[in-house]
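Topology and contacts: notes
What follows is the residue order along each chain.
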Amino acid sequence: MSCIELVRHAYMIVTMTTDSIDKIIAGWSRRRPDLDAGHLDVVGRIVRLSVHMRSAIEPALEEQGFNWELFDLLLTIYRREADDSIGVRPTDLYAECLLSSGGLTARLRRAEQDGFIVRRQDPEDGRGARITLTAKGRNSVDKAIAQHFKLSRSVDEILTANERQTLTRLLRKLLMSVEKPDL
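Residues numbered from 1 in each chain as written. Predicted model: local features only at pLDDT ≥ 70, side-chain atom pairs only at ≥ 80, totals over all residues. Heavy atoms only, no water.

Brief notes about the layout of surface pockets
- Roughly 510 Å³ of volume is contained in the second largest pocket.
- In this structure, the second largest pocket is lined by 18 residues; those nearest its centre are Asp72, Ala95, Glu96, Cys97 and Leu98.
- Residue assignment for the lining of the second largest pocket shows that the elements contributing at least two residues are α4 (68–81), α5 (90–97) and α8 (161–178).
- Sorting elements by how many residues they give to the lining of the second largest pocket places α4 first, with 7 residues. (1 Å grid on protein atoms, 1.4 Å probe; cavity = no way out; pocket = protein on both sides within 12 Å on 5 of 7 lines; lining within 4 Å. Points joined across faces, edges and corners; volume = space filled by probe spheres on them. Helix = DSSP H or I, 4+ residues; strand = E, 2+ residues; numbered from the N terminus.)

Things to note about the pattern of salt bridges
- On inspection of all chains with the given rule, the structure shows 18 salt bridges.
- Between Arg89 and Asp92 there is a salt bridge, and its shortest N-O distance comes to 3.1 Å.
- On the accessibility criterion, Arg89 (34% relative accessible area) is partly exposed.
- Of the charged contacts, one joins Asp156 and Arg164 as a salt bridge, the two residues approaching to 2.9 Å between their closest N and O atoms. (Salt bridge = Lys/Arg side-chain N within 4 Å of Asp/Glu carboxyl O. Buried < 20%, exposed > 50% of the residue type's maximum accessible area, 1.4 Å probe, protein only.)

With respect to a nonpolar patch on the surface
- On the surface, Val42, Val43, Ile46, Val47, Val51, Leu167, Leu171 and Leu174 cluster together into a nonpolar patch covering about 620 Å² of accessible area.
- Elements represented by at least two residues in the nonpolar patch include exactly α3 (43–63) and α8.
- Among the elements that make up the nonpolar patch, the one with the highest residue count is α3 (4 residues).
- Take Val43: it is sitting in helix α3. (Patch = residues over 30% accessible without salt bridge, like charges linked within 9 Å, V, L, I, M, F, W, Y side chains within 5 Å. Areas by Shrake-Rupley, 256 points an atom, 1.4 Å probe, with all protein chains shown as cover.)

Comments concerning the packing of aromatic side chains
- Tallied over the full model, the rule gives 3 aromatic pairs.
- Here Phe66 and Phe116 contribute two aromatic rings whose centre-to-centre distance is 5.4 Å and whose plane-to-plane angle is 75°, an arrangement assigned as edge-to-face. In this pair, Phe66 is assigned in the loop between α3 and α4 and Phe116 in the loop between α6 (101–113) and β1 (117–122), connecting sequence segments 50 residues apart.
- Ring pairing ties together the aromatic residues Phe66, Trp68, Phe71 and Phe116, which thus form one cluster. (Phe/Tyr/Trp six-rings, centres within 6.5 Å; stacked < 30°, edge-to-face > 60°.)

With respect to the nonpolar core
- Phe66, Leu73, Leu74, Ile77, Leu93, Leu108 and Ile117 are the most contacted members of the largest nonpolar core, which has 25 residues in total.
- Secondary structure elements with two or more residues in this core: α3, α4, α5, α6, β2 (125–133) and α7 (135–156).
- Among the elements that make up this core, the one with the highest residue count is α4 (6 residues).
- Not counting chain neighbours up to four residues away, the residues in contact with Ile77 comprise Val88, Leu93, Leu108, Ile117, Ile131, Thr132 and Leu133. (Core = buried A, V, L, I, M, F, W, Y, C linked by side-chain atoms within 4.5 Å. Contact = heavy atoms within 4.5 Å.)

Some details on the packing of α5 against α6
- In the contact formed by α5 and α6, the axes pass within 10 Å of each other and the chain directions differ by 110°. With respect to α6, the axis of α5 lies roughly perpendicular. Of α6, the residues touching α5 (which contributes Pro90, Leu93, Tyr94 and Cys97) are Ser101, Leu104, Arg107 and Leu108. (Axes fitted to C-alpha atoms, helices over the stretch in contact; angles between N-to-C directions. Parallel < 35°, antiparallel > 145°, perpendicular 65-115°, else oblique.)

Structure representation (structure tokens):
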């Protein structure tokens, strides 16, 4: 979906009186009136928006040779490299990428095989590793991140500044209720 199509779609959602989640909730009310599906007002919309965003962004990622999961890992390394010039420790990536150590290891292996990252021995801890992006990895992220930000921005452009602040505050409250305190 192009950026313009995404904005049009978002505008259509704003101007409609019901959306897909309203229909799902109504369906649950008919099928199982004993269940309270009210949580879908918030959770369902967050999940649905995430799916739409991911679908819009994935074609741009594929052009750079990676999928959403690999992009998340590379973005995290890219962002964290700014704080640590000798590279990022795998343990610093677990929580931020929401992965198990096995899941992270598999993604790191793929990123290394595809030439996006390099793993080196940690100079501060000989048992550990430090991960840095290769020139190919950095260039690929640089190209994809601009498109990613542009598409992401097109979704929230329909909100006023006050609406964005309110939504940000409420989403932060929800996220903090489920995230571990150390993030």
